Amino acid sequence: MDKVGVVGGGLMGSGIAEVSARAGLDVVLVESSDATAKACLERLERSLARAEEKGKLQGAGGTTAAAVLEHVRVVTDLTALADRDVVVEAIVEDEAAKTALFRRLDEIVTSPDAILASNTSSIPIMKLGVVTSRPQQVVGIHFFNPVPVLQLVELVPSLLTSDDTTARSRAWVETALGKQAIDCQDRAGFVVNALLVPFILSAIRMFESGFATAEDIDRGLVLGAAHPQGPLALADLIGLDTTKAVAESLYEEFKEPLYAPPPLLARMVDAGLLGRKSGRGFYTYSR
């Protein structure tokens, strides 16, 4: 699986493209417009430049940012994915948008053995697989942000995903990309988000109620529970829109109150206060 396609060049998609290119794979990344393609390429350049400065570009893709970028093409035409061995969808966390994309990928990707993967945080893989003619080749390959740094990948086969697809996906993740994979059932939230999101939502409710400040909530978990960062800072890193979307998927599937997005989270998303990527969430960030 040397020919990699990525759809969506945000933080996750650009990160998946970067680790694939650093592994020496041939990467085509598709964005929705010339403007977003330019922004994606700039994001890749910045990330690779930081890695080069720290001496961390030691993979098969080269030891300089320029060398790694030679492995990536950023385009706006989905048909450029026709010859890919694996295509990873990393667009907005919206079921309708993802199912529409998988229908298109099913038409475009010509290789009979190609794997169509989703980086979804919470949407059941079955819902994506059944809109294609090859649900046995659709699988969840869920990376974590920041992709170049975090080693975990969740592998999520649906009831219709073949054993061969799961095995080839694991080999690609662990052997080609050097990540570590865990197996997850095809349930909303999979393993990590099913545990993590209720924790974050509880912290938001605590802050919303005036029980404690954002700073004290986060300091409490960092200093008292040895967390690397507090839950509200983590929500800002994930993106409050993504946090809300995952919570909504969990609530839709399980109808448990702990999964329901707090009103404050919904208001912040409506206001465009999405965390680090917008410059303001529970904290303010320089951009």
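Owing to the predicted nature of the structure, the values given are computational and were not obtained by experimental measurement.

Rules and cut-offs
- Residues numbered from 1 in each chain as written.
- Predicted model: local features only at pLDDT ≥ 70, side-chain atom pairs only at ≥ 80, totals over all residues.
- Heavy atoms only, no water.
- Pairing = 2+ DSSP bridges.
- Helix = DSSP H or I, 4+ residues; strand = E, 2+ residues; numbered from the N terminus.
- Axes fitted to C-alpha atoms, helices over the stretch in contact; angles between N-to-C directions.
- Contact = heavy atoms within 4.5 Å.
- Buried < 20%, exposed > 50% of the residue type's maximum accessible area, 1.4 Å probe, protein only.
- Core = buried A, V, L, I, M, F, W, Y, C linked by side-chain atoms within 4.5 Å.
- Expected span 1.5 Å × (residues − 1).
- Arc of directions from axis to C-beta.
- Phe/Tyr/Trp six-rings, centres within 6.5 Å; stacked < 30°, edge-to-face > 60°.

**Student:** Report on the sheet that holds strand 5 (residues 115–118), specifying residues and quantitative values.
**Tutor:** In space, the eight strands of this open sheet follow the order 3-2-1-4-5-6-7-8, with mixed pairing throughout. Both outer strands of the open sheet, strand 3 (72–75) and strand 8 (180–183), are each paired with one neighbouring strand and no more. Looking at each pair of strands side by side, their axes are set apart by 25° on average, direction ignored. For strand 2 (residues 26–30) and strand 3, the ladder comprises four bridges, and the chain directions are parallel. In the strand pairing of strand 3, Leu-29 is matched with Val-74. Taken strand by strand, helix 1 (residues 11–22) contacts strand 1 (3–7), strand 2, strand 3, strand 4 (86–89) and strand 6 (138–143), and its axis lies near 165° from that of strand 2. Contacts from helix 4 (residues 95–108) reach strand 1, strand 4, strand 5 and strand 6, with the element oriented near 165° to strand 5.

**Student:** Please give an account of the pairing of strand 6 that cites residues and values.
**Tutor:** Successive residues of a regular strand alternate their side chains across the two faces of the sheet. Within strand 6, six of the six residues are buried, which leaves the element mostly enclosed by the surrounding structure. Neither face of strand 6 is exposed, since Val-138, Gly-140 and His-142 on one face and Val-139, Ile-141 and Phe-143 on the opposite face are all buried. Direction of pairing for strand 6 relative to strand 7 (residues 152–157): antiparallel, over a ladder of five bridges. What sits directly across from Val-139, in strand 7, is Pro-157.

**Student:** Describe in detail the nonpolar core, supporting the description with residues and values.
**Tutor:** Counting 35 residues, the largest nonpolar core has Ile-141, Phe-143 and Trp-172 as the members making the most contacts within it. The element best represented in this core is helix 1, accounting for five residues. Each residue touching Phe-143, except ones within four places of it in the same chain, is listed here: Met-12, Ile-16, Asn-119, Leu-152, Val-153, Trp-172 and Leu-177. Judged by nonpolar contacts, the second largest core, of 26 residues, contains Leu-234, Val-246, Tyr-259 and Leu-274.

**Student:** Lay out helix 8 (residues 214–225) in plain terms, naming residues and giving numbers.
**Tutor:** The end-to-end C-alpha distance of helix 8 is 16 Å, a good match for the 16 Å that twelve residues give at a rise of 1.5 Å each. Within helix 8, burial applies to Ala-214, Ile-217 and Asp-218. Buried residues of helix 8, viewed axially, fall in a sector of 90°; they line one side. Exposed and oriented more than 90 degrees from the buried face of helix 8 are Arg-219, Leu-223 and Gly-224. Contacts made by the buried residues of helix 8 are with helix 7 (192–208) and helix 9 (231–238).

**Student:** Please give an account of the packing of aromatic side chains that cites residues and values.
**Tutor:** In total, this model carries three aromatic pairs according to the counting rule given. Aromatic side chains Phe-207 and Phe-282 sit 5.7 Å apart centroid to centroid with 85° between the ring planes, which places their arrangement in the edge-to-face category. Linking Phe-207 in helix 7 with Phe-282 in the segment after helix 11 (263–270), this pair joins segments that are 75 residues apart in sequence. Residue classification places Phe-282 among the buried positions, given a relative accessible area of 11%. Arranged with centres 5.7 Å apart and planes meeting at 40°, the rings of Phe-254 and Tyr-259 form a pair that is tilted. Given the relative accessible area of 11%, Tyr-259 is considered buried.

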